[in-house]
Every structure is written in structure tokens, then in C-alpha cells.
Amino acid sequence: MKTTPKAAIVAAVAAIALLTAACAGDNGRMASSEPRTAGNPMVGGAPMYPSRTIVENAVNSKDHETLVAAVKAAGLVDTLQSDGPFTVFAPTDAAFAKLPDGTVQSLLRPENKAQLTKILTCHVVSANALSDAINQMIVDDNGAHPVTTVGGCVYTAKRMGDDIVLVDGQGNTARVTIADVRQSNGVIHVIDSVLLPAA
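Residues numbered from 1 in each chain as written. Predicted model: local features only at pLDDT ≥ 70, side-chain atom pairs only at ≥ 80, totals over all residues. Heavy atoms only, no water.

1. Observations concerning the sheet that holds strand 6 (residues 173-183)
What counts here: In this scheme, strands are said to pair when DSSP sees at least two bridges between them. In this description a helix means any DSSP run of H or I spanning at least four residues, a strand means any run of E spanning at least two, and both kinds are numbered starting from the N terminus. Whether two residues are in contact is decided by their heavy atoms: any pair within 4.5 Å suffices. Inter-axis angles, ranging from 0 to 180 degrees, are taken between N-to-C directions of lines fitted to C-alpha atoms, where helices are fitted over the stretch in contact.
One open sheet accounts for seven strands, arranged 2-1-7-6-5-4-3; its pairing is mixed. One side of each edge strand has no neighbouring strand; the edge strands of this open sheet are strand 2 (124-125) and strand 3 (145-148). Bridging between strand 5 (residues 163-167) and strand 6 involves three bridges; their strand directions are antiparallel. When the bridges of strand 6 are listed, Leu-166 appears paired with Ala-174. Across the face of the sheet, helix 8 (residues 131-140) comes into contact with strand 1 (86-91), strand 3, strand 4 (154-160), strand 5, strand 6 and strand 7 (186-191) while running at roughly 95 degrees to strand 4.

Encoded structure:
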């Protein structure tokens, strides 16, 4: 069957259109090689990519510089780069600033590594717990769900208005301010206070 010049032109235009559509993003722009955030919220002014690990995303958040420094000082980078899954309740720099003067500087000293590690691992749960699941567990446990952490601390998850809050070992509360920041090895929930083990 012969192809007329007009038919050949139409076919060429159609092929170009298909190629353009394949290369374009959802908004019609050319797709970037940068991985998509898949609806993840911004944290600390930075996009959070679900294809990256907890550490790979956290280092880009301007609100988590103290946490990242603490994770490095405690030697937990490799752990939080591993497959997990992990749920990390991630205190902001402002949360660390609420601690008594000199506390952070003291914890970052090599001689206090064990104490720092304890505090940090008590912000980590060995599960991929999104907020919907946490809310349901709170309901199932009559408003107060025990949260057992990697560090051995048992905190309590509750609801306060529309927010999830955690009660630490000293009776202090931390509110989840940004939930469900998906990672390749788990999820981050940003919190507004540092969780502390029982004294």
C-alpha cells in the first residue's frame, strides 16, 4: 500500500507529538532527571524525595541542621541509610533550642556519645508508620497508644485537637507539625520538641 506525501507528514507530526508527550512532565514541561517528590511536603525549605533515604533528605532541610549534626556525632548515619523501614520523629533546630543552655553542645561531645545515641534512637521506631496508621492505633488504644522506640524508650501517642502528639519519658509533649514525609527507607514526622527518656 503506497503512502501519500500528505499521509507521511501526518504520521511524522503524530510521532513528534507522541515523543514530546513522553518526554514532558505532568505540567507539559520537559521532564527533569531529578526524582519526583510524589506529593511529599517541603521540609526546611527543601523538597523531600521518596526515592532518597532519611539521611539523604534530612541533610537538605535547613530546619534540621542540629539533628543531622547529632546523627553524625552519634555514628547513626549508616543505620539511617540502611533499608529500615524506620519512622523518625525529627525535632527541628527550634526544638533543640528549647533545651537548657549548653545541652546540645554537651551532647555533641565524644564523651557523651552514649547519651546522645540513646536520645536519638528514642526518636526512631522500627516500622513505616504513616499518620493514618498512628491515628488508628490511638483510637484502638482508647486515646493513648504506646510507642516503643529503637532506643528502648516507650512514649505515648495521643491526639491533641487535630494533631498527633507524643508524650516522652519525662511527661513533655512534642507535636507533629509535618507528617508523612515519605522516604525510601521509611517516613519522617517533623516534631516541635525533643523527646527525652525517663530521668
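Having seen it, we continue.
2. Quick word on the confidence of the model for the chain
The condition is simple: Every residue carries a pLDDT, the predictor's confidence in it, which falls somewhere between 0 and 100.
Per-residue confidence for the chain gives a mean pLDDT of 84; residues scoring 70 or more make up 81%. Confidence drops under a pLDDT of 50 for residues 1-33, and excluding neighbours within four residues, the segment shows 11 contacts in the predicted structure.

3. So, the environment of Asn-135
Assignment of secondary structure puts Asn-135 in helix 8. A C-alpha to C-alpha distance of 8.1 Å links Asn-135 and Lys-158, two positions 23 residues apart in sequence. Look past the residues within four positions of Asn-135 in its chain and what remains in contact with it is Arg-159 and Ile-164.

4. Looking at the pattern of salt bridges
Keep this limit in mind: Here a salt bridge means any side-chain nitrogen of Lys or Arg lying within 4 Å of a carboxyl oxygen belonging to Asp or Glu. Using a 1.4 Å probe on the protein chains alone, a residue whose accessible area is under 20% of its type maximum counts as buried, one over 50% counts as exposed, and one in between counts as partly exposed.
In this structure the tally under the stated criterion is two salt bridges. Here Arg-175 makes a salt bridge to Asp-163, at a shortest N to O gap of 3.5 Å. Taken together, the residues Arg-175 in strand 6 and Asp-163 in strand 5 connect sequence positions 12 residues apart. With relative accessibility at 34%, the residue Arg-175 sits in the partly exposed group. Taking relative accessible area as the criterion, Asp-163 reaches 24% and is therefore assigned partly exposed. A salt bridge links Arg-175 to Asp-192, with the nearest nitrogen and oxygen atoms 3.6 Å apart. Pair noted here: Arg-175 is in strand 6 and Asp-192 is in the segment after strand 7, with a separation of 17 residues, a long-range link. Residues joined by salt bridges that share partners form a network here, namely Asp-163, Arg-175 and Asp-192.

5. Remarks on the state of the cysteines
For the record, the criterion: Disulfides are defined as cysteine sulfur pairs within 2.5 Å.
Applying the stated criterion across every chain yields a total of one disulfide. Bridging Cys-122 to Cys-153, the disulfide has an S-S length of 2.0 Å. Across the S-S bond of Cys-122 and Cys-153 the torsion is about 75 degrees, and the bridge reads as right-handed. Highlighted residues: Cys-122 in the loop between helix 7 (113-121) and strand 2 and Cys-153 in the loop between strand 3 and strand 4, separated in sequence by 31 residues. A single burial state applies to Cys-122 and to Cys-153, both of which are buried.

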